[in-house]
Structures are given as C-alpha cells and as structure tokens.
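Structure at a glance
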Amino acid sequence: MPSVSFEHVSKHFGEARVVEEFDLEVADGELLVLVGGSGSGKSTILRMLAGLESVTTGAIRIGDRDVTTLPPRERNVAMVFQDYALYPHMTVRDNLSVGLRLKSAPKAEIERRVSWAAGMLGLEPLFDRKPKQLSGGQRQRVAMGRAMVREPLVFLFDEPLSNLDAGLRAQMRIEIGSLQRRLNTTTVYVTHDQVEAMTLGDRIVVLADGRIQQVGRPVDIYRAPINRFVAGFIGTPPMNFLSGTIDQSQGTTAFIADGVRVQLPGNRAAARPSEPVTLGIRPEDLIVEPGGEGGGPPLPDVLRGRVLLVERLGGSSHIHLDVGPPPHRVVAAVSNDVLPDVGASVTAHVRAERTHLFGADGSALR
Amino acid sequence: MRAEAVEERSGWLLAVPYAGFLLAFAAYPILFALVLVVLQWDLVTAPTFAGLDNVILLSHDARFWQAVANTFVFLAIHVPLQVVTALALALALNRPLAFRGFWRASFFLPVVISGAVVAILWNSLYATDVGLINQLLARVGVAPVPWLTDPRTAMPAIAIMVTWKNVGFYVIIYLAGLQYIPRSCQEAIELEGASDWQRFRYLTLPLLLPQTILVVTLSTINGFQLFIEPYVMTGGGPLRRTYSIVLYLYTNAFSYQKMGYAATIGVALALIIGAVVVLQRRVIGTAEAA
Amino acid sequence: MRSVRRVALYGVLALAAVTFIYPFLWMASSTLKPPSEVGSLSLFPGHITLDNYRKMWERAPFGRALLNSAFVATTITAAVLVLGSMTAYAMARLRFRGRPLLNAATLAVLMVPGQLTLIPLYTVMVKLGWIDTYAALIVPYVFNATAVLMLRQFFLQIPQSLVDSGRMDGMGELRILFTIFWPLAKPALAIVAIFTFMGSWNEVLWPLLVVRDQRLMTLPQLLTVFALGGGAGSIGVSLASAMVLVVPVVVAYAFLQRYFIESMAGAGIKG
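Residues numbered from 1 in each chain as written. Chains lettered and ligands numbered in written order. Predicted model: local features only at pLDDT ≥ 70, side-chain atom pairs only at ≥ 80, totals over all residues.

**Some thoughts on the overall build of chain C**
Scanning chain C from terminus to terminus reveals 13 helices and zero strands. If you line up chain C on its principal axes, its C-alpha atoms span 70 × 65 × 35 Å. Excluding contacts between residues fewer than 6 apart, the proportion of contacts in chain C whose partners are at least 24 apart in sequence is 75%. (Helix = DSSP H or I, 4+ residues; strand = E, 2+ residues; numbered from the N terminus. Contact = placed C-beta atoms within 7 Å.)

Encoded structure:
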C-alpha cells in the first residue's frame with residue numbers, strides 16, 4: 001500500500017492554475033523529492049499535503065485515509081520549514097515538545113520522545129537556549145527534532161537547506177539523508193536545487209508550470225530525460241543544446257547543423273528527416289583536444305571551436321567553447337590533465353552514443 | 001473542512017466584532033449626522049423634520065461665523081509658530097549632544113499631559129496679578145498684561161499655550177525627517193562652501209518639505225478641534241473672542257439641546273477642515289513645484 | 001568660535017527645557033504653598049502645607065474619579081489590545097471575503113474628524129440609556145482603527161511559516177495569535193497600549209457630554225468641572241486637583257519616556 005497518494009490533484013487560485021492534474025504515489029519509507037523552479041507548484045503540492053492549502057479538485061490519501069479535507073493537525077504529518085519556524089520566545093526544549101503538549105500527550109511520553117529525538121540530533125546541550133542563540137545548522141536540527149517527536153506518518157521538508165551556507169548545506173544534506181534512512185519514515189522533500197534532489201531522492205519528481213515533467217530514480221532521469229526541460233534542469237553544468245536537423249541520406253541517422261555532423265546511435269525511429277531538432281550533449285560527454293583549425297567538411301562527431309573561458313574547479317575544469325557559427329557556446333567538463341589556453345582552437349569529440357535528441361515540441365526522440 | 005473554508009470562517013469570526021463596531025460607532029453616526037442636519041430634536045420630544053432650516057440658520061448665524069473667524073485667528077498664529085518652533089528645536093536636537101534624551105524628553109513632556117491640566121495650569125500662569133508670566137515681565141519693568149481678559153490678547157495667548165503643549169510632538173516628526181537627510185548631501189554642500197544659512201535654505205528645508213506638510217496639516221486639524229482650552233480658560237470670552245467652533249457645537253448640544261443644529265455645525269466643521277487641508281496641500285504643492 | 005556656538009546651542013536647549021519643565025515644577029510647588037505665597041516665582045514654599053490637597057479632597061470625589069479614570073482607561077486598553085489584535089490578525093493573516101472592504105473602511109474612518117460623529121454618537125448614548133454609565137465611557141472606545149492598522153502592519157511582518165507551523169502543531173487561530181504572535185509583538189502592543197491608555201486618561205470632551213453624575217466622572221472631567229464651577233476657590237486647590245491627574249503620568253513617563261514618545265508620536269502621525 002502506498003504511503004501517500006495524490007489523485008488528479010489540481011490547485012487554482014482564481015485564473016491561475018498552480019497545479020494541474022498531479023497524480024502520484026509515494027511508497028512507504030520512500031524519500032521523494034519534488035524539484036522545480038519558482039512557480040513550478042512544488043511548494044503548493046507540499047502545502048496541500050500538509051493541509052495548509054486546500055485542493056481545488058482531486059483527492060489526497062495518507063495510508064488508507066482520505067485526508068483531502070482534514071485540517072493539518074489530523075493528518076499526522078510533520079513539516080520542516082525553510083526558515084525553520086521555531087517559536088522565537090520558546091526554548092529548544094519547549095519548541096520540541098509544544099506539539100505533543102498541545103495534543104495533551106502524557107508527560108512521560110513527551111519526555112521519552114523529546115530525549116529520543118534530541119539524542120539522535122545531539123540537541124541536549126542546547127535545551128535551554130532560545131532559537132536566536134543557535135547557529136543556522138543548530139536551528140535546522142531543532143526543526144527536524146520538532147518534526148521527529150511527533151512520530152508522524154510522513155515528513156515534509158520545504159526547502160530546508162536554502163538558508164544555510166554552502167558547506168553546511170552539504171553536511172546537513174547528508175544528515176537528513178541518513179536520518180531518513182534510519183527512521184525509514186516516508187518523506188516528501190521540496191527543493192529548487194537539483195543537486196539536492198539528485199543526492200537525496202529515492203525518486204525525483206521534476207515539476208514545471210504546475211505539471212509533472214518526469215518521475216523516476218535520479219540516475220534514470222539523468223540518463224534519459226523525457227524532454228528538453230528536464231534535460232536542461234537536471235545536471236550541472238547544464239546540458240549543451242545544438243539546433244539542427246536530421247539527415248538520413250547516407251543510410252544512417254545523423255544530426256546535422258552548420259559544420260557539425262553527429263552520428264546518432266540506433267535508428268531513432270521517431271526522428272524524421274529535415275525536422276528541426278535539438279541535440280543535447282552533457283558536458284562530460286565532450287572530449288576536448290587541441291588543434292582542428294580551419295574549415296573543410298565536418299568531421300563526424302566533432303565540434304570545432306575556440307576556447308572562451310577555462311573554469312578551474314580544482315579536481316576538474318569546465319571549458320567554455322565558442323563552436324559557432326552561429327556564435328554558440330558549449331561547456332565541456334574535463335579532467336585537469338591537459339587544459340587549453342583561452343583563445344586556442346580546439347576540437348571537441350562528442351560521445352555520440354550518449355547524446356540526446358529532442359523534437360520541435362521539446363520531447364525526447366528515441 | 002478545507003483549509004480555505006477554515007480561514008474564511010475564522011477570519012469572519014475574528015473580524016465580525018470589529019465590523020459591527022464600525023457599523024454602529026462609525027458608519028451609522030456618519031450617516032445619522034447627515035440625517036440630523038434636516039431635523040430638529042431636543043432628545044426629549046420626537047424629532048421633527050426641519051428641511052434646510054438648520055443650514056439656513058447656520059449661514060446667518062453670526063455666532064457661528066465669529067467662531068469660525070476666531071478659529072482662523074487661532075490657526076494664523078498657531079500653525080506658523082508651531083512650524084518654526086518645532087523646526088528650530090529639532091535642528092538644535094539633531095546634533096551630537098550631551099543629554100540628548102533628556103532634552104527630547106523635556107520637550108515632549110507637555111504632550112503627555114492632559115489638555116485640561118495644561119489649561120488649568122496656564123490659567124494660573126496667565127493670571128493678571130499673581131501669574132508667573134506677569135511676574136517675570138514685572139522683573140523687566142513691563143506692566144501686567146491681562147492676557148485672558150483682554151479681547152486682543154486672549155486668543156493669541158491660547159494659541160501660544162497650545163503651541164507650547166504640542167511642540168514636542170512635531171519636533172519628533174522633524175527629527176525623523178532629519179535622519180533621512182543623507183550625510184553625503186550635507187558634506188557635498190559643505191564642500192561647495194555653503195554657509196550654515198545656505199545649507200539650511202537650500203538643503204535641509206526643501207528636504208523637510210514632507211514633514212512640514214505633515215506638521216501644517218496635523219496642527220491645522222488639531223487647531224480646528226480647539227475646545228478644552230477656551231472652555232476652561234475663558235469660557236469663550238472676552239467678547240466671544242475665544243469661542244471656538246467645537247465649543248459652540250458643544251454649547252448647542254449640551255446647553256440648548258439642539259441636536260440637529262449641533263450636528264449641522266459638526267458637518268460644517270468637517271467640510272471646512274477638509275477644504276482647508278486640501279487648499280493647504282495645493283498651496284504648498286505649488287510652492288514645491290515652483 | 002566653535003566653542004562659543006556650542007555654548008549658545010546648550011543655552012538655547014536649556015532655556016527651552018526650562019520653558020517646558022518649569023511650569024510643572026511651579027505647579028507642583030504651588031500646591032504646597034499657602035494662598036499668600038502662590039504669586040511668588042520661587043519653587044520653594046516658605047511654609048509647606050497640605051491644605052490645598054485636603055480642601056481638594058474634601059470638596060469633590062477625586063479618589064473616586066481617580067478610580068473611574070483608572071478603570072475606564074484600563075478596560076479600554078485591554079479591549080483595544082485583545083479585540084484589536086484579533087481583528088488585526090484576521091486582516092493580516094486570514095483570507096476571507098470582505099477583508100479588502102474592512103481595510104478600506106478602517107482607512108476611511110481615520111479620515112473622518114471626530115466632531116462629525118460626536119453629536120450622533122451622543123444621541124445614540126441617550127437612546128441606549130447609557131448616559132451616566134461606564135458603558136458610555138468605554139464601549140465607543142473598545143476598538144481603535146489606528147491600533148488595528150498598527151498591529152496589522154506588525155503582524156504582516158511575522159513569517160507565514162510560524163502560522164503554518166502552529167496550525168500543524170494543532171493550534172487554533174486564537175492560540176496562534178495569543179501564544180505566538182503576542183510574544184513577538186510585544187513592542188507593538190506596548191506602543192498601542194500607551195497611546196490608548198493615554199488617550200483615554202486625558203480625554204475630556206466625551207465624558208463632559210455623556211456623564212453628569214459626579215460619582216462617574218473621570219479625573220480630567222471632574223478637574224474641569226471643579227475648576228470651572230468655582231469649587232476650587234483658589235489657584236492652589238485647583239492645581240492640587242490637577243496634580244492627581246499629572247503625577248501618575250509623569251511617573252510612568254519618567255520610566256518609559258522612549259516608549260511614550262514613540263507611541264504617542266507614532267499614533268498621532270498614523271491617526
């Protein structure tokens with residue numbers, strides 16, 4: 001039995017359709033990440049699950065219970081907010097216990113759960129402090145602790161790491177992941193950060209304009225994005241796109257653009273000749289080599305260009321290339337072994353078998 | 001129940017008392033004020049329809065128009081005096097000072113004191129024979145002035161007192177404005193070699209225009225509501241020279257039980273206040289554009 | 001040159017301060033002087049006497065008036081804080097039909113001069129039979145549009161996540177208001193409390209209209225009636241009665257002057 005299911009859920013604010021026909025099941029114990037830009041509807045979906053917003057149409061079930069019209073407190077879910085939403089005038093201990101006290105839970109039970117959560121998160125030394133006296137990471141832990149003591153059926157995370165600096169964010173990401181695996185509680189996690197989505201999620205839901213774009217395991221979405229939006233959204237640096245057409249004149253299927261010819265693997269039955277298409281190449285699927293000046297016929301699976309910029313990241317580097325005409329920028333992610341100089345002419349070999357092809361409507365052609 | 005429905009219901013439950021209050025104690029009295037204009041009513045017998053009698057009476061009522069004239073005399077003294085004193089004290093306070101809090105608190109002290117107390121106190125200060133002010137004047141050889149019993153000095157005396165009572169309030173307004181004059185502007189104009197006066201005239205004063213408009217508007221509205229001071233100090237005399245509009249309104253309602261007429265005065269006062277405030281804003285606005 | 005100007009500046013400030021403070025000191029000292037000394041400029045009475053206070057106390061019910069004023073002002077302040085914050089919470093935090101209308105009405109009410117509604121309100125009090133009751137002194141003041149606006153403005157700054165979190169913790173709206181918003185809104189509540197209390201404590205026109213029974217009079221009203229009716233008989237007695245009204249205010253002001261200034265100046269500008 002799925003732990004959470006959304007059945008054709010839509011949310012309209014007047015004319016604005018914030019969420020359209022959201023249909024999804026979350027498995028028991030799963031960590032599901034909703035990822036999308038602002039206005040994608042991800043937060044609204046979470047708030048509808050929490051009961052903070054109502055659904056316009058559709059139904060939401062938690063376990064075998066229809067919670068569509070229940071108020072938040074009767075849904076047995078707990079939420080960690082972006083700004084933590086700790087009650088500023090209460091101590092850490094009171095912040096942890098307030099939910100249970102409001103439910104008039106027995107004292108011993110409150111005590112047990114608070115010390116259990118505090119133990120797991122290392123909060124005991126902070127018990128008598130007020131939120132103002134805590135660091136960002138500590139506040140984050142208290143917010144998680146407050147959710148844990150309620151022993152909910154589902155955890156909800158609303159961009160919990162976006163107020164932290166980069167180093168702490170990476171650390172808390174790991175903590176949240178391992179905590180979730182230990183507790184094995186169904187979790188719905190909202191973020192705009194695709195790295196967070198990739199590293200944390202058992203499954204990812206990519207959202208745009210209130211609609212599901214793709215659902216799947218992170219690696220599957222990365223390898224086989226269903227459309228151009230997902231392809232560009234997931235992965236850093238983002239996928240490179242080249243516009244061109246299909247050529248089947250030589251008995252095989254190839255992508256052609258000005259000075260570029262990339263042999264496409266398989267027959268790509270969906271692709272029709274002379275249809276405008278977009279070729280997607282991940283930065284790590286470009287192999288940069290020096291040389292390759294001048295015109296001549298396009299070499300298969302090669303982009304020729306000039307180095308615009310080399311970003312050294314330490315372990316690896318990003319090379320920005322101008323592969324025009326028309327002036328067109330692509331990024332290659334390379335190891336640091338041989339780095340070209342800025343302005344140098346280079347060739348970039350495309351790993352043709354790993355390219356992605358998208359039709360005029362943006363959907364992937366396979 | 002759905003989240004929005006809960007909000008809708010709680011919102012209504014929480015707002016309904018206030019909405020009821022506004023209807024009963026704001027909307028209804030405003031409408032009823034307009035109804036009262038066409039009624040004659042002594043609160044004992046049933047009200048009778050009077051048509052435009054109240055309005056016609058008001059237009060010929062020499063006492064009402066004298067009260068209006070008195071109020072304008074009051075404003076002509078009070079408003080400019082209020083602007084000048086408040087601005088001067090605010091400029092003095094807006095410097096690095098020892099005991100800044102003390103100075104500010106002392107200027108503000110009369111603001112927290114009831115107008116009734118201030119009136120009683122100044123009654124004593126203005127007293128012709130034993131009053132503090134005439135005592136001080138005697139020290140420098142000035143003969144006692146019958147401040148509140150001479151028709152020529154009574155209203156100016158009250159205007160000075162009200163200015164004294166309220167100046168601290170307007171000082172705070174000007175101080176708030178002065179804080180927003182960028183330090184860099186002051187330094188720039190100093191580098192240009194401007195004198196203190198030029199700096200005040202071409203930088204401070206124009207930048208304080210919004211505060212000046214506020215001070216003029218508030219002190220005008222406040223001035224139109226003059227009541228307790230003449231009520232306590234002069235009873236409207238001498239020769240009705242300190243009779244204010246509100247005092248006349250109060251007398252009609254309380255002493256003569258003429259509710260329709262009193263309400264008519266109230267409506268007229270509201271219209272006069274509105275007209276004067278709009279006019280002031282126009283004039284100051286044009287001055288600004290020029 | 002610089003130091004001359006500094007001395008001049010402090011001279012002006014000191015003169016101004018004396019102008020504002022000296023009358024009150026003179027008032028305080030005059031109440032302790034026998035009638036023969038009232039005309040003197042000196043702040044130090046030749047003979048200290050409490051006669052003025054005794055006479056004042058004997059001639060009019062000032063103790064009762066003090067209690068009336070305290071009761072009326074306290075009740076109004078409590079009502080404005082509780083009811084006003086409930087309204088402000090709804091107007092800041094709850095989406096309901098009619099909210100924009102209520103907002104507009106609140107702003108409109110602030111534009112109407114009190115004198116317009118004075119007589120109609122008075123007739124309402126007469127019709128309700130509230131003349132010479134506490135209800136007439138209190139009920140028309142239990143809400144305050146300025147207070148509603150100020151609290152609403154403050155509540156708008158509190159993060160929505162605290163409301164959400166409270167709801168998920170199972171709090172009702174009132175509990176969110178009083179256990180989360182109130183502790184956070186202490187400065188705003190203090191400001192509203194001070195200007196409401198002071199407004200009520202110093203109000204005199206409305207009580208003059210709706211109360212004639214001496215036992216129900218508030219201090220400023222009794223003071224006015226006492227001074228005008230000739231009950232005081234002398235300046236000293238009259239000023240002594242004023243002291244009853246002034247002393248509590250000045251004591252409170254001495255301790256909380258920063259809040260007083262912020263509160264009364266702020267309310268005046270918004271109101």
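The discussion continues.
**A short note on the overall build of chain A**
Counting secondary structure elements, chain A contains eight helices and 20 strands. Across its three principal directions, the C-alpha atoms of chain A cover 80 × 45 × 35 Å. By the burial criterion, 40% of the 366 residues in chain A qualify as buried. By sequence separation, contacts in chain A at least 24 residues apart represent 66% of the contacts at least 6 residues apart. (Buried ≥ 20, exposed ≤ 12 C-beta atoms within 10 Å, placed from the backbone.)

**So, the sheet that holds strand β1 (residues 4-13) of chain A**
Residue and element names in this part refer to chain A. If you trace the four strands from one edge of the open sheet to the other, you get β2-β1-β4-β5, paired in antiparallel fashion. A strand with exactly one partner marks an edge of an open sheet, and here the two such strands are β2 (16-26) and β5 (65-66). Across two bridges, strand β4 (residues 57-62) lies against β5 in antiparallel orientation. By the bridge assignment for β5, arginine 61 is matched with aspartate 66. (Pairing = 2+ DSSP bridges.)

**Details of the packing of helix α1 (residues 3-36) of chain B against helix α5 (residues 114-128) of chain C**
Viewed as axis vectors pointing N to C, α1(B) and α5(C) meet at an angle of 100°, and their least axial separation amounts to 8 Å. Classed by the angle they form, the pair α1(B) and α5(C) counts as roughly perpendicular. Between α1(B), through Phe25(B), Ala26(B), Pro29(B), Ile30(B), Phe32(B), Ala33(B) and Leu36(B), and α5(C), the contact on the second element is made entirely by Leu116(C), Thr117(C), Ile119(C), Pro120(C), Leu121(C) and Val124(C). Per-class residue counts for the contact of α1(B) with α5(C) are 12 nonpolar, one polar and no charged. (Axes fitted to C-alpha atoms, helices over the stretch in contact; angles between N-to-C directions. Parallel < 35°, antiparallel > 145°, perpendicular 65-115°, else oblique. Nonpolar A, V, L, I, M, F, W, Y, C, P; charged D, E, K, R; others polar.)

**Description of the pairing of strand β3 (residues 31-36) of chain A**
All names here are of chain A. Burial analysis of β3 places six of its six residues in the buried class, the great majority of the element. Side chains Leu31, Val33 and Val35 project from β3 onto one buried face, and the interleaved Leu32, Leu34 and Gly36 project onto a second face that is buried too. Sheet topology places β3 next to strand β8 (residues 186-191); five bridges connect them, and they run parallel. The residue bridging valine 33 from the neighbouring strand is tyrosine 189, located in β8. Taken together, the five bridges between β3 and strand β9 (residues 203-208) define a ladder with parallel strand orientation.

**Focus on unusual backbone geometry**
For the peptide bond that leads from Thr236(A) to Pro237(A), omega is -15°, which places it in the cis range. With an omega of -10°, the peptide bond between Gly237(B) and Pro238(B) qualifies as cis. Take Pro238(B): it is sitting in the loop between α11 (228-233) and α12 (245-254). Despite not being glycine, Glu159(A) has its phi angle at roughly 45°, a positive value.

**Considerations on α1(B)**
Residues and elements named next belong to chain B. Spanning 34 residues, α1 covers 46 Å between terminal C-alpha atoms, matching the ideal 50 Å at 1.5 Å per step. Helix geometry: α1 is bent most strongly at alanine 15, by close to 40°, with proline proline 17 lying one to four residues after it. Among the residues of α1, those classed as buried are Ala3, Glu7, Gly11, Leu14, Ala15, Tyr18, Leu22, Phe25, Ala26, Pro29, Ala33 and Leu36. (Expected span 1.5 Å × (residues − 1). Bend = angle between axes of the 7 residues up to and from the residue.)

**What to know about the interface of chain A and chain C**
Taken together, the contact between chain A and chain C spans 17 residues of the former and 13 residues of the latter. Elements with a contribution of two residues or more to the side of chain A that touches chain C: β6 (77-80) and α2 (92-102) of chain A. Counting residues per element, the side of chain A that touches chain C draws most heavily on α2(A), at three residues. Partitioned by chemical class, the residues of the side of chain A that touches chain C number 11 nonpolar, three polar and three charged.

**Here's the deal with the confidence of the model for chain C**
Residue and element names in this part refer to chain C. On average, residues of chain C score 91 in pLDDT, and 98% of them are at 70 or above. For chain C, per-element mean pLDDT is lowest for helix α13 (residues 235-270), which scores 87, and highest for helix α6 (residues 134-138), which scores 97. For this predicted complex, the interface confidence comes out at an ipTM of 0.90, alongside a pTM of 0.87. (pLDDT = per-residue confidence, 0-100.)

**A few points about the environment of Arg366(A)**
Position of Arg366(A) relative to the elements: it lies in the segment after β20 (356-358). The spacing of Arg366(A) and Pro265(A) is 101 residues in sequence and 9.7 Å in space, taken between C-alpha atoms.

**Re the interface of chain C and chain B**
Much of the literature gives interface size as the accessible area that the parts lose upon coming together. Taken together, the contacts link 70 residues of chain C with 68 residues of chain B. Looking at the side of chain C that touches chain B, the elements that each hand over two or more residues are α1 (2-30), α3 (62-93), α4 (99-111), α5, α10 (186-202), α11 (205-210), α12 (219-228) and α13 of chain C. Among the elements that line the side of chain C that touches chain B, the one with the most residues is α13(C), at 15 residues. The residue inventory of the side of chain C that touches chain B, partitioned by class, reads 56 nonpolar, 10 polar and four charged.

**Notes on the sheet that holds β9(A)**
Residue and element names in this part refer to chain A. Strand order in the open sheet made by the six strands is β6-β7-β8-β3-β9-β10, with mixed pairing throughout. Pairing within the sheet leaves two strands with one partner each, and these edge strands are β6 and β10 (211-216). Mean inter-strand twist for the sheet, computed between neighbouring axes without regard to direction, equals 20°. Contacts from helix α4 (residues 136-148) reach β6 and β7 (154-158), with the element oriented near 175° to β6.

**Quick word on the pairing of β1(A)**
All names here are of chain A. Inspection of the sheet shows β1 paired to β4 by five bridges, in the antiparallel sense. Each residue of the ladder has a partner; that of serine 5, found in β4, is arginine 61. Pairing of β1 with β2, which is carried by seven bridges, proceeds in the antiparallel orientation. Considered in β2, the bridge of valine 4 is made with valine 26. Remark: two residues form the turn of the hairpin made by β1 and β2, two consecutive strands paired antiparallel; glycine 14 in that turn has positive phi of roughly 60°.

**Some points on the packing of α3(C) against α10(C)**
Residues and elements named next belong to chain C. The contact between α3 and α10 brings their axes to 9 Å, and the two run at 145°. Seen from above, α3 lies across α10 with right-handed handedness. Packed against α3, whose contacting residues are Ser69, Val72, Ala73, Ile76, Thr77, Val80, Leu81 and Gly84, the element α10 presents Leu189, Val192, Ala193, Thr196, Phe197, Ser200 and Trp201 at the interface. A breakdown of the residues in the contact of α3 with α10 according to their chemical character gives 10 nonpolar, five polar and no charged. (Left-handed = near helix turned anticlockwise from the far one by under 90°.)

**Remarks on the environment of Ala88(B)**
Residues and elements named next belong to chain B. Mapped onto the fold, alanine 88 is located in helix α3 (residues 62-93). Accessibility expressed as a C-beta count within 10 Å gives 15 for alanine 88, which makes it partly exposed. When the C-alpha atoms of alanine 88 and tyrosine 174 are compared, they prove to be 9.5 Å apart, with 86 residues separating the residues in sequence.

**Quick look at α12(B)**
Of all 10 residues that make up α12(B), eight are buried, and the element is covered over most of its length. Those residues of α12(B) not exposed but buried are Ile245(B), Val246(B), Leu247(B), Tyr248(B), Leu249(B), Tyr250(B), Asn252(B) and Ala253(B).

**Topic: the environment of Pro156(B)**
Take Pro156(B): it is sitting in helix α7 (residues 154-179). A C-alpha to C-alpha distance of 6.8 Å links Pro156(B) and Ile77(B), two positions 79 residues apart in sequence.

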